[in-house]
Amino acid sequence: MNIHFLISENAPFLSHGNVYSNRIAEGLKANGHQVSIYSLPEDFPFFSEQSLLQCKQIAEMIPRAEPVVIDNTIFGVIPEILQNLYKHNPVVALIHVTFTSDENLTAYQREMILDLERRAQPYALKFIASNTDASSAL
């Protein structure tokens, strides 16, 4: 069985989510697990149609029943993709940043992301918070 990670290389947020994901993946590998990491474009959470299509294609190619760990810059904004993925795969959300407190976002952007995050939450089997702020937001 393979464990799949979906991460975003999102430099504008400097959240280091890919660092956390990679550390977890390396730990799993060190314990004998097979791990695949899929890096999505930098435009998450404000993705283009092309990035969304790429995310959907990756989600559809993951074999059924294999666990998927998704960085919250992606997880929180793809509820429609998660709805289908969650039917066949255990989904774990790796939460490391809370967008509602990000000062670089407009009030509209915060509300939009918060709405998408609320819609995405039912599709996670588990949430992993990488810091105190993320933990209190769950």
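If you're wondering where the values come from, they're calculated on a predicted model, not measured in any experiment.

Draft legend 1. Just the nonpolar core, in detail. Ranked by internal contacts, the top residues of the largest apolar core, which has 27 residues, are Leu6, Cys55, Ile70, Ile74, Phe75, Ile78 and Leu82. Within the residue set of this core, elements represented by two or more residues are β2 (34-40), α2 (49-61), β3 (68-71), α3 (72-75), α4 (79-86), β4 (91-95) and α5 (107-120). With sequence-adjacent residues up to four places away left out, Phe75 is seen in contact with Ile70, Leu82, Val91, Ala93, Ala120, Gln121, Tyr123, Ala124 and Phe127. Phe5, Val69, Val92 and Leu94 belong to the second-largest nonpolar core, a separate cluster that totals seven residues.

Draft legend 2. Seen up close, the side chain of Thr73. Here Thr73 lies in helix α3. According to the relative accessible area criterion, Thr73 is buried, its value standing at 1%. Separated by 2.2 Å, the side chains of Thr73 and Asp71 make a polar contact.

Draft legend 3. Structural context of the packing of aromatic side chains. Following the criterion strictly, the structure yields three aromatic pairs and no others. Ring centres of Phe75 and Phe127 lie 6.0 Å apart, and the angle between their planes is 85°; this geometry places the pair in the edge-to-face category. With Phe75 in helix α3 and Phe127 in strand β5 (residues 126-129), this pair connects stretches of sequence that are 52 residues apart. When its relative accessible area of 31% is taken as the criterion, Phe127 is described as partly exposed. Taking 6.1 Å as the distance between ring centres and 65° as the angle between the ring planes, the aromatic pair formed by Tyr86 and Tyr123 counts as edge-to-face. On the criterion of sequence distance, the pair formed by Tyr86 in helix α4 and Tyr123 in the loop between α5 and β5 is long-range, its members being 37 residues apart.

Here is what the cut-offs are and how they apply
Residues numbered from 1 in each chain as written. Predicted model: local features only at pLDDT ≥ 70, side-chain atom pairs only at ≥ 80, totals over all residues. Heavy atoms only, no water. Core = buried A, V, L, I, M, F, W, Y, C linked by side-chain atoms within 4.5 Å. Buried < 20%, exposed > 50% of the residue type's maximum accessible area, 1.4 Å probe, protein only. Helix = DSSP H or I, 4+ residues; strand = E, 2+ residues; numbered from the N terminus. Contact = heavy atoms within 4.5 Å. Polar contact = N/O pair within 3.5 Å; in protein donor to acceptor, adjacent residues only side chain to side chain. Phe/Tyr/Trp six-rings, centres within 6.5 Å; stacked < 30°, edge-to-face > 60°.

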